[in-house]
Amino acid sequence: MSSSSYEYTSQLIEISELGDERGMLAVIEEHEDLPFEIKRVFYIYGTRQDIRRGFHAHYKTRQALVAVAGSCKVYLDNAKRNTDVLLDNPAKVLILEPNDWHEMYDFSSDCVLLVLASHLYDAEDYIRDYSVFLEVYGS
Ligand code: T46
């Protein structure tokens, strides 16, 4: 797959926060809020603040990242531009497309990073070598 054949760009969206006197509630629905069906859910927590993790892109897997508690940052690199996204609110959802090399960092000690994924776990779907990433997604 080359970058020219991949048509989606990662984006930060805001979902509605529903709240009343009892507290808050946020909803994510596939097709309504997410552009993919959810096949897998995992969460990352207890990450030390000085740790960066990720360091990969994917071939197929699309994901949605939400800091449901605490905060962290995500570095994104699509081989043409890079940016850093702050996730510090349960209403902020990063739709992370497979063609973005990503690194998560600056985790607060209470951060719980929820990830909704479009595919089941498959180690073969990971591109962990940056030079391979450039071959696959660079122009
Ligand atoms: C991603 C970012 C945002 C499994 O066995 N099943 C799973 O579903 C997952 C996600 C991981 N694993 C195993 C693979 C490794 O032995 O758990 C271990 C830690 O995974 P990894 O080093 O890939 O974790 P991160 O934080 O670097 O990346 C994770 C996801 O793997 C990845 O898809 O995009 O979060």
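Residues numbered from 1 in each chain as written. Predicted model: local features only at pLDDT ≥ 70, side-chain atom pairs only at ≥ 80, totals over all residues. Heavy atoms only, no water.

**Quick notes on the packing of aromatic side chains**
Then, number 1: For the structure shown, the criterion picks out six aromatic pairs.
Then, number 2: With a centroid separation of 5.9 Å and an interplanar angle of 55°, the aromatic rings of Phe133 and Tyr137 are classed as tilted. In this pair, Phe133 and Tyr137 are both assigned in helix α1 (residues 130–137), four residues apart and thus about one turn of the helix distant. When sorted by exposure, Phe133 lands in the same class as Tyr137, which is buried.
Then, number 3: Each residue in the set Trp101, Tyr130, Phe133 and Tyr137 is aromatic and connected to the rest through ring pairs, giving one cluster.
Then, number 4: Of note, Arg52 hangs over the ring of Tyr105, and the distance from its end group to the ring centre comes to 4.2 Å. (Phe/Tyr/Trp six-rings, centres within 6.5 Å; stacked < 30°, edge-to-face > 60°. Helix = DSSP H or I, 4+ residues; strand = E, 2+ residues; numbered from the N terminus. Buried < 20%, exposed > 50% of the residue type's maximum accessible area, 1.4 Å probe, protein only. Lys NZ or Arg CZ within 6 Å of the ring centre and 35° of its normal.)

**Some details on the environment of Ile95**
Then, number 1: You can see Ile95 is positioned in strand β9 (residues 92–96).
Then, number 2: Residues Ile95 and Ala64, 31 residues apart in the sequence, show an inter-C-alpha distance of 4.5 Å.

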